[in-house]
Amino acid sequence: MHTDLSPVIAATAQWLLRAYPASGGALADALCEAQARQAVTVAARLRYPTAMDVALLGVAGPGGSARLDWITGADGATSADPDAEAWRTWVDEVLASWAACLLTDPALAGPAVGALAEGGPSAGTPVEFRRLLAPDEADRRAAALLRHPDLVAPVASLHHAQLVARLDPGQALVA
């Protein structure tokens, strides 16, 4: 059992990159991957904030990419070799959805990173998430599909309400 989230983060970022690939060559691939990993990392730290949460994920498993593949129409495009697709079992649907939300909505990305910095909402913007929070023109071009709100809407909408509730827990108590 893994004691950290790196396998889930890597697999979920890989799924996002395959579903919404970069355009423009090797540099674009690297820039798009950096953005996907940053978004999934933020989502993972928000969803699994404690060692107990990570341990429970290790026991229950992340769920895999089957539903995400079906939603994006990639469910029939798997390899004939099951070992080549084993990484898909490590994909976490909620993390993919939250990462899609963070990549397409700056109004959510800032508070999400701020919540990591203080354990709650904060104005801080750690440098490690610069490509997520303040993408430059090259970042935007490289991740045009990954950051396109209409294209990722089917994935982002799956767990959008949970992300909003996580970022503003007091709102749910008022309603």
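On a predicted model such as this, the values are computed, not experimentally measured, just so you know. (Residues numbered from 1 in each chain as written. Predicted model: local features only at pLDDT ≥ 70, side-chain atom pairs only at ≥ 80, totals over all residues. Heavy atoms only, no water.)

This structure, assessed with the given rule, holds eight salt bridges. Here Glu93 and Arg67 are joined by a salt bridge, their closest N and O atoms 2.7 Å apart. With a gap of 26 residues between them, Glu93 in helix 5 (residues 93–104) and Arg67 in helix 4 (residues 66–72) connect regions that are remote in the sequence. For Glu93, a relative accessible area of 13% translates into the label buried. For Arg67, a relative accessible area of 44% corresponds to the partly exposed category. Where Glu137 meets Arg141, a salt bridge forms, and the shortest distance between an N and an O atom there is 3.8 Å. Taken together, the residues span about one helical turn, with Glu137 and Arg141 both in helix 8 (residues 137–142) at a distance of four residues. (Salt bridge = Lys/Arg side-chain N within 4 Å of Asp/Glu carboxyl O. Helix = DSSP H or I, 4+ residues; strand = E, 2+ residues; numbered from the N terminus. Buried < 20%, exposed > 50% of the residue type's maximum accessible area, 1.4 Å probe, protein only.)

Counting 46 residues, the largest nonpolar core has Trp15, Val42, Leu46, Leu102, Leu132, Leu146 and Leu163 as its most contacted members. Breaking this core down by element, the ones donating at least two residues are helix 1 (6–19), helix 2 (26–47), helix 3 (51–60), helix 5, helix 6 (106–118), helix 9 (149–156) and helix 10 (160–167). Here this core gets nine residues from one element, more than from any other, and that element is helix 5. (Core = buried A, V, L, I, M, F, W, Y, C linked by side-chain atoms within 4.5 Å.)

Another aspect to go through is the environment of Ala34. Among the structural elements, Ala34 can be located in helix 2. In the structure, Ala34 is positioned 96 residues away from Arg130 in sequence and 9.9 Å away in space, judged by C-alpha atoms.

Tallied over the full model, the rule gives one cavity of 30 Å³ or more. In this structure, the largest cavity spans a volume of roughly 70 Å³. Residue lining of the largest cavity: ten residues in total, with Asp4, Val8, Leu57, Gly58 and Trp90 positioned closest to the centre. Elements with a contribution of two residues or more to the lining of the largest cavity: helix 1 and helix 3. The element that contributes the greatest number of residues to the lining of the largest cavity is helix 3, accounting for three residues. Of the residues contributing to the lining of the largest cavity, the split by class is seven nonpolar, two polar and one charged. (1 Å grid on protein atoms, 1.4 Å probe; cavity = no way out; pocket = protein on both sides within 12 Å on 5 of 7 lines; lining within 4 Å. Points joined across faces, edges and corners; volume = space filled by probe spheres on them. Nonpolar A, V, L, I, M, F, W, Y, C, P; charged D, E, K, R; others polar.)

This part covers the environment of Ala142. Mapped onto the fold, Ala142 is located in helix 8. Given the relative accessible area of 1%, Ala142 is considered buried. Distance from Ala142 to Ala30, taken between C-alpha atoms, is 8.5 Å for residues 112 residues apart in sequence. Here Ala142 is in contact with Ala22, Ser23, Ala28, Leu31 and Cys32, once residues within four sequence places are set aside. (Contact = heavy atoms within 4.5 Å.)

With that settled, the discussion passes to the packing of helix 2 against helix 5. Packing of helix 2 against helix 5 leaves a shortest axis separation of 8 Å and a crossing angle of 120°. With respect to each other, helix 2 and helix 5 are oriented oblique. As helix 2 runs across helix 5, the sense of the crossing is right-handed. Across from Gln35, Ala39, Val40, Val42, Ala43, Ala44, Leu46 and Arg47 in helix 2, the residues of helix 5 making contact are Val94, Leu95, Trp98, Ala99, Leu102 and Leu103. Looking at the contact of helix 2 with helix 5 residue by residue, the class counts come to twelve nonpolar, one polar and one charged. (Axes fitted to C-alpha atoms, helices over the stretch in contact; angles between N-to-C directions. Parallel < 35°, antiparallel > 145°, perpendicular 65-115°, else oblique. Left-handed = near helix turned anticlockwise from the far one by under 90°.)

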